[in-house]
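This is what each chain is made of:
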Amino acid sequence: MAGFLGRRLGAAAIAALLSSLAVFLLMRAVPGDIIGQMLGQTGSDRAAEQALRAFFGLDRPLWAQFAEWVGGAVQGDLGRSWYQGRPVSAMVWDAFLVTLQLAVLTLALATLVGVPLGVVAGIAQGTRIDRAIQTFNLIGLSAPVFWLGLMLLVGTSAALDWSPPFAWSGPHEDLEENIAILVLPVLSLAVLQAAAYSQFVRGLMIEELGKDYIRAGRAKGLTPRELYFKHALANVMIPLVTFMGLILVQILGGVVVIESLFSLPGLGRLILSAIQGRDYPVVQGALLFVVIIATTINLAVDLLYGLLDPRLRP
Amino acid sequence: MRNLTFPRRTALHLALGSLALPGVARAQQAQIDPLISGPTPPGACRGGRVTIGSLVEPPALDPFRQAADARIRVSVLMYQGLFYEDQSGVARPLLAESAAASADGKSWTFRLRRGVKFHTGQTMTSADVKYSYDFMRNAANGSPGAGDLSSVASIDAPEEHTVVFNLSRPNAALPMTLTNKYGAVVPRGFFETPNSGTRMNEISVGTGPFKLKQFRPNSTLTFERNPDYWQPGLPYLDEVTFVTMPNSAAMVVGLQSRRIDLAMFSRPQDTQALANAPGVQVHRWPSLNQKTVDLDCKYQQLSDMRVRQAIALAIDKKTVMDASISGYGTVIGTMVAGMQEAWGVPIDQLPNQRVDLDRARSLLAAAGHPSGFDIDLTTIIGYDWMDAAAVTIAEQLRRINIQVNIRKLDLGVWIRNFRAREMGFTFNDWGTTPDPSLLYYRHFRAAPEGADFRNWNNARASALLDRGQETADPAARKAIYAEFQKILAEEVPTIMMFSSDLLTANRTRLKNYVQHGTGWYFGLAKAWVEG
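As the structure is a computational prediction, the values presented were derived from the model and not from experiment. (Residues numbered from 1 in each chain as written. Chains lettered and ligands numbered in written order. Predicted model: local features only at pLDDT ≥ 70, side-chain atom pairs only at ≥ 80, totals over all residues.)

## Remarks on the overall build of chain A
We count it as follows: Numbering of helices and strands starts at the N terminus; helices are DSSP runs of H or I of at least 4 residues and strands are runs of E of at least 2. Note that contacts rest on C-beta atoms placed from the backbone: two residues are in contact if these are within 7 Å.
Looking only at helices and strands, chain A features 12 helices and zero strands. Sequence-ordered secondary structure for chain A, helices as α and strands as β, is α-α-α-α-α-α-α-α-α-α-α-α. If you line up chain A on its principal axes, its C-alpha atoms span 85 × 60 × 35 Å. The contacts of chain A with a sequence gap of at least 6 include a subset with a gap of at least 24, amounting to 72%.

Spelled out as structure tokens, the structure:
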């Protein structure tokens with residue numbers, strides 16, 4: 001177990017370093033930098049440009065800039081935002097909490113709706129119920145998130161004369177406002193994920209229910225409840241957990257759109273605005289954080305396998 | 001000594017007086033100078049909070065070192081310069097009380113307003129003014145406004161309420177330069193505090209009607225009333241919160257559902273959804289902005305003036321305006337709409353303004369392109385109007401056999417190209433402080449004095465821009481800039497197409513909000529809410 005963990009952590013560290021280098025080089029390969037944005041469409045005053053370049057350390061060789069950043073990062077210092085002046089780690093953490101709340105609520109809602117729908121559709125394969133659920137899946141999977149979000153926003157406003165407050169409040173600041181802000185974004189994201197879940201679980205259930213042990217169980221006189229929920233569902237759990245990990249990573253990716261659409265100050269929006277503003281420390285710090293989170297989720301999924309199936313324990 | 005003094009408390013008369021002049025912009029007919037001298041609104045009461053929806057958010061709040069227009073919009077609530085950019089093209093006194101230029105035009109003496117306090121509690125003196133503008137004009141400090149002050153040789157503070165700007169060459173536009181776009185008067189020594197620039201995201205140190213309360217990037221920006229503000233009784237509002245909104249549909253929804261009280265729309269046609277919304281008013285204001293097509297005079301075929309003229313002759317500005325902003329604007333020649341009456345040349349007196357395809361084709365043939373050519377036209381991501389305009393212009397240029405490939409660029413990349421003078425053939429969208437020198441000088445004066453982004457390098461135009469800057473007599477100045485505009489229209493380094501109107505929508509509980517033509521939020525100082 002310790003060896004397994006060690007190998008995985010080593011691989012994660014290498015992945016983090018390589019992706020950081022890629023982000024570092026890519027950001028600098030994109031034309032335009034913060035100095036252009038600060039000076040805007042005004043005269044190209046060489047002295048002002050050089051002064052700012054020196055101020056941000058952009059006049060130093062690339063390897064020196066990268067080495068300094070890595071040196072800080074391994075000690076937990078991701079630097080400060082060039083625009084905000086705040087430590088990048090604090091900005092990333094604040095934004096992550098927003099995204100995490102959005103992701104967890106979405107995952108919970110998607111699981112609570114999607115898994116039962118998939119199970120029911122799998123058991124009731126070919127019936128009218130199955131077709132209704134499949135229709136929902138089709139719509140959910142094909143409706144673009146930004147479109148759905150916009151329709152929900154405009155629709156609730158027209159139908160209920162209500163809209164979410166656009167100014168963010170954290171759950172600890174004002175819980176009621178917090179929920180009001182998150183209802184529509186969670187709904188827009190969850191529809192897609194619930195449909196994906198439902199479609200996936202339906203397939204698994206159909207496959208599982210066709211297996212020999214189910215027929216044997218049926219012959220043995222097990223009740224449908226025991227057959228479906230004790231045996232079939234238990235075997236569906238492993239791929240389901242993998243899928244949950246994938247969905248979580250997918251939600252974390254999909255939030256960029258939804259955070260922008262509903263003015264949520266989350267990680268996606270932080271990264272997007274930092275890229276647009278060429279705020280290199282924020283882009284690098286935030287993406288490093290995302291890499292770490294994605295690696296951790298994958299590792300957690302692998303460890304969960306072992307919990308669910310002793311044969312897979314490393 | 002030419003005296004351009006504005007005696008205390010007579011600014012109202014000045015503003016009213018300017019109404020009588022024939023050359024006054026449209027804005028003044030509707031509203032008199034909103035910030036400085038407009039009448040106190042009847043029934044105005046103190047108190048209340050408003051929420052404003054905004055599509056853009058300032059990247060940071062340092063007025064000295066951030067050029068972004070989103071920053072300037074809100075900076076004017078916290079920070080002030082010596083003068084205020086009245087839309088008629090006159091610099092009105094703000095922190096200064098009077099301005100006087102010496103006979104040779106190379107020395108300006110400003111008397112300062114008394115009793116002005118910074119948000120830090122300190123009282124403003126001439127030493128603060130000298131400190132602030134010295135900081136800004138030193139290029140090593142990285143202010144985008146430094147170039148505008150290149151004519152300033154030194155600043156003296158002989159008395160507590162007197163500052164003297166000594167110039168290396170006369171600059172009639174100096175008062176208008178000391179307005180509110182870049183820089184401001186801040187307490188002396190402020191920039192010696194560590195991380196002073198980013199510190200301005202946490203506290204405000206200006207003299208404006210509102211103080212910074214909290215800036216939460218990607219979310220909200222909140223200001224509170226400055227209780228020590230120097231204009232008696234102002235501002236009325238206790239608190240103003242800006243919320244960053246994703247798109248105009250969200251702003252429409254926010255206004256309808258009473259979540260926001262005010263929003264400014266970048267695409268005027270988006271306000272149509274609010275035409276019949278209960279409790280919401282839509283206002284249309286003339287602007288100092290311009291939508292242009294810029295032509296890099298060293299780029300491929302554009303280096304031949306005849307090609308540029310042919311393009312100008314093929315573009316029907318009105319059609320482009322209708323397609324891109326549903327006609328909510330004014331077609332222009334060589335001057336932004338808000339300044340046309342004061343400084344512009346009537347369109348029918350300018351060359352290359354009317355569509356003339358036959359002439360365009362023969363110019364192209366003379367330039368060696370009888371069967372036309374292919375060219376890239378650049379639009380900027382996030383500037384929606386450019387998409388419709390690009391398609392329209394591509395269609396119009398096809399009629400003279402120019403095949404346009406539309407290229408969409410990220411703003412950061414576009415700025416880089418622009419600053420490097422590699423703009424090619426591109427759309428542009430920019431606003432100005434209402435003075436012709438500030439409008440033209442940096443953009444069209446040959447290097448090194450100007451930036452000459454379009455590689456025009458025109459000696460005659462440059463000489464006129466120098467003279468215009470040095471000439472104080474308004475009539476003589478106007479004649480100089482009229483001559484300049486004729487050259488600009490003749491040689492086509494840019495095609496100024498139209499100024500789009502500013503459209504604001506507000507809940508009716510918000511009263512007396514007046515929108516300045518720059519798009520900046522000066523008007524909040526005198527706005528108030530009912531109940």
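## Quick notes on the overall build of chain B
Convention followed: In this description the radius of gyration comes from C-alpha coordinates, and the expected globular size is given by 2.2 Å times residues to the power 0.38. Residues are called buried when their C-beta atom has 20 or more other C-beta atoms within 10 Å, exposed when it has 12 or fewer, and partly exposed otherwise; all C-beta atoms are positioned from the backbone.
The number of helices and strands found in chain B is 16 helices and 22 strands. Relative to a compact globule of 531 residues, whose C-alpha radius of gyration would be 24 Å, chain B shows 23 Å and is just as compact. Its C-alpha atoms give chain B principal-axis dimensions of roughly 70 × 60 × 50 Å. Here chain B holds 531 residues, and 56% of them are scored as buried. Here the contacts in chain B between residues at least 6 apart in sequence split such that 71% fall between residues at least 24 apart.

## Some words on the environment of A:L182
Residue and element names in this part refer to chain A. As for its position among the elements, L182 is in helix 8 (residues 175-209). The exposure class of L182 is buried, given the 20 C-beta atoms found within 10 Å. Sequence separation between L182 and A159 is 23 residues, and the spatial gap between their C-alpha atoms is 18 Å. Non-local contacts of L182, meaning those with residues more than four positions away in its chain, are made with Q101, L102 and L105.

## Remarks on the sheet that holds strand 9 (residues 210-216) of chain B
Sheet strands associate in pairs through backbone hydrogen bonding, adopting either a parallel or an antiparallel arrangement. Residues and elements named next belong to chain B. To be explicit about the condition: Here the rule is simple: two strands pair whenever DSSP picks up at least two bridges between them. Between the N-to-C directions of two axes lies an angle of 0 to 180 degrees, each axis being a line fitted to C-alpha atoms and, for a helix, fitted only over the stretch in contact.
The strand order 9-10-11-2-12-20-13 describes an open sheet built from seven strands, whose pairing is mixed. Taken across any chain shown, the strands that pair with only one partner, and hence form the sheet edges, are strand 9 and strand 13 (280-285). Taken over all neighbouring pairs, the strand axes of this sheet differ in orientation by 20 degrees on average, direction set aside. In the packing of helix 3 (residues 69-78) onto the sheet, contacts are made with strand 9, strand 10 (220-225) and strand 11 (239-244), and the angle to strand 9 comes to roughly 140 degrees. Along the sheet, helix 7 (residues 248-256) contacts strand 2 (49-54), strand 12 (262-265), strand 13 and strand 20 (502-507); its crossing angle with strand 12, the most-contacted strand, is approximately 155 degrees.

## With respect to the nonpolar core
Stated formally: Remark: nonpolar core denotes a set of buried Ala, Val, Leu, Ile, Met, Phe, Trp, Tyr and Cys residues whose joining runs through C-beta atoms within 7 Å. For the domains described, the bounds stem from an automatic or database domain assignment.
Residues A:V201, A:A286, B:A263 and B:A310 are the most contacted members of the largest nonpolar core, which totals 222 residues. With 16 residues, helix 8 of chain A is the largest single contributor of residues to this core. Shared between two domains, this core holds at least three residues of each, these being domain 1 (2-74) and domain 2 (89-312) of chain A. Look past the residues within four positions of A:V201 in its chain and what remains in contact with it is A:G114, A:V115, A:G118, A:V119, A:G122, A:V236 and A:L240.

## Some thoughts on helix 12 (residues 280-308) of chain A
Quick reminder of the rule: One less than the number of residues in a helix, times 1.5 Å, gives the span that helix is expected to have.
With 29 residues, helix 12 of chain A extends 42 Å between its outermost C-alpha atoms, agreeing within 8% with the 42 Å of an ideal straight helix rising 1.5 Å per residue. Those residues of helix 12 of chain A hidden inside the fold are in contact with helix 1 (2-29), helix 4 (62-74), helix 5 (88-123) and helix 11 (267-277) of chain A.

## Details of the packing of helix 5 of chain A against helix 12 of chain A
All names here are of chain A. Condition: Our angle categories are set so that under 35 degrees counts as roughly parallel, over 145 as roughly antiparallel, 65 to 115 as roughly perpendicular, and the remainder as oblique. Each helix crossing is assigned a hand: it is left-handed if the near helix lies turned anticlockwise from the far helix by less than a right angle, otherwise right-handed if that turn is clockwise. Each residue is assigned to one of three groups, with Ala, Val, Leu, Ile, Met, Phe, Trp, Tyr, Cys and Pro labelled nonpolar, Asp, Glu, Lys and Arg labelled charged, and all others, Gly among them, labelled polar.
Relative to each other, helix 5 and helix 12 sit at 55 degrees, their axes nearing to 9 Å. Here helix 5 is positioned oblique relative to helix 12, judged by the angle of their axes. In the crossing of helix 5 with helix 12, the sense of the turn from one axis to the other is right-handed. Along the contact surface, helix 5 presents V88, S89, M91, V92 and F96, while helix 12 presents P281, V282, G285, A286 and F289. Looking at side-chain class alone, the contact of helix 5 with helix 12 contains eight nonpolar, two polar and no charged residues.

## Overview of the interface of chain B and chain A
Counting residues at the interface gives 47 residues for chain B and 41 residues for chain A. At the level of secondary structure, the elements contributing two or more residues to the side of chain B that touches chain A comprise helix 6 (196-199), strand 11, helix 7 and helix 13 (411-419) of chain B. Considered class by class, the residues forming the side of chain B that touches chain A number 21 nonpolar, 19 polar and seven charged.

## Quick look at the domain arrangement of chain A
The parts lose accessible area when they come together, and the size of an interface is often stated as this lost area. All names here are of chain A. Entries for chain A in the domain assignment read domain 1 (2-74) and domain 2 (89-312). For domain 1 versus domain 2, the distance between C-alpha centres works out to 33 Å. Put simply, the parts of the chain that give the side of domain 1 that touches domain 2 at least two residues each are helix 1, helix 2 (34-39) and helix 4.

## Quick word on the environment of B:P59
Positionally, B:P59 belongs in the loop between strand 2 and helix 3. Along the chain, B:P59 and B:D374 lie 315 residues apart, while their C-alpha atoms are 37 Å from each other.

## Looking at the environment of B:N171
Residue and element names in this part refer to chain B. Mapping N171 onto the fold places it in the loop between strand 8 (162-167) and helix 5 (174-177). Exposure remark for N171: the 25 C-beta atoms within 10 Å place this residue in the buried category. Ignoring anything within four residues of it in the chain, the contact list for N171 reads S151, Q469 and E470.

## What to know about unusual backbone geometry
Residues and elements named next belong to chain B. Residue L234 is joined to P235 through a cis peptide bond whose omega torsion reads -10 degrees. Phi at S326 takes a positive value of approximately 50 degrees, unusual for a residue other than glycine. As for its placement among the helices and strands, S326 is situated in the loop between helix 9 (317-325) and strand 15 (329-331). Residue class for S326 comes out partly exposed when judged on the 17 C-beta atoms lying within 10 Å of it. For N401, which is not glycine, the phi torsion reads 65 degrees and is therefore positive. Within the element layout of this structure, N401 appears in the loop between helix 12 (384-398) and strand 17 (402-409).

## Quick notes on the pairing of strand 6 (residues 107-112) of chain B
Residue and element names in this part refer to chain B. Every second residue of strand 6 is oriented toward a common face, the buried set being W108, F110 and L112 and the non-buried set S107, T109 and R111. Examined bridge by bridge, strand 5 (residues 96-101) and strand 6 share five bridges and lie antiparallel to one another. Counted as the bridge partner of A100 is T109 from strand 6. Between strand 5 and strand 6, which follow one another and run antiparallel, lie five residues, and G105 among them has a positive phi close to 75 degrees. Pairing analysis gives five bridges linking strand 6 to strand 8, with the strands arranged antiparallel. Bridge assignment links T109 to a residue of strand 8, and that residue is V164.

## Comments concerning the packing of helix 10 (residues 224-261) of chain A against helix 11 of chain A
Residue and element names in this part refer to chain A. Where helix 10 meets helix 11, the closest approach of the two axes is 7 Å, and the angle between their N-to-C directions is 85 degrees. Considered as vectors, helix 10 and helix 11 are oriented roughly perpendicular to each other. In this structure, helix 10 uses V255, V256, E259 and S260 to contact helix 11, whose residues at the interface are G268, R269 and L272. Looking at the contact of helix 10 with helix 11 residue by residue, the class counts come to three nonpolar, two polar and two charged.

## Focus: the confidence of the model for chain B
For residues with low pLDDT, the predicted coordinates do not support detailed interpretation. All names here are of chain B. Note the threshold: For every residue, the predictor reports its confidence as pLDDT, a number between 0 and 100.
Predicted confidence across chain B gives a mean pLDDT of 89, with 92% of residues reaching 70 or more. The lowest-confidence element of chain B is helix 1 (residues 11-20), averaging 31 in pLDDT; the highest-confidence one is helix 8 (residues 305-314), averaging 98. Across residues 1-32 the pLDDT falls below 50, and counting only partners more than four positions away or on other chains, this stretch makes 58 contacts in the model. The complex prediction reports pTM at 0.87, with the ipTM value standing at 0.85.

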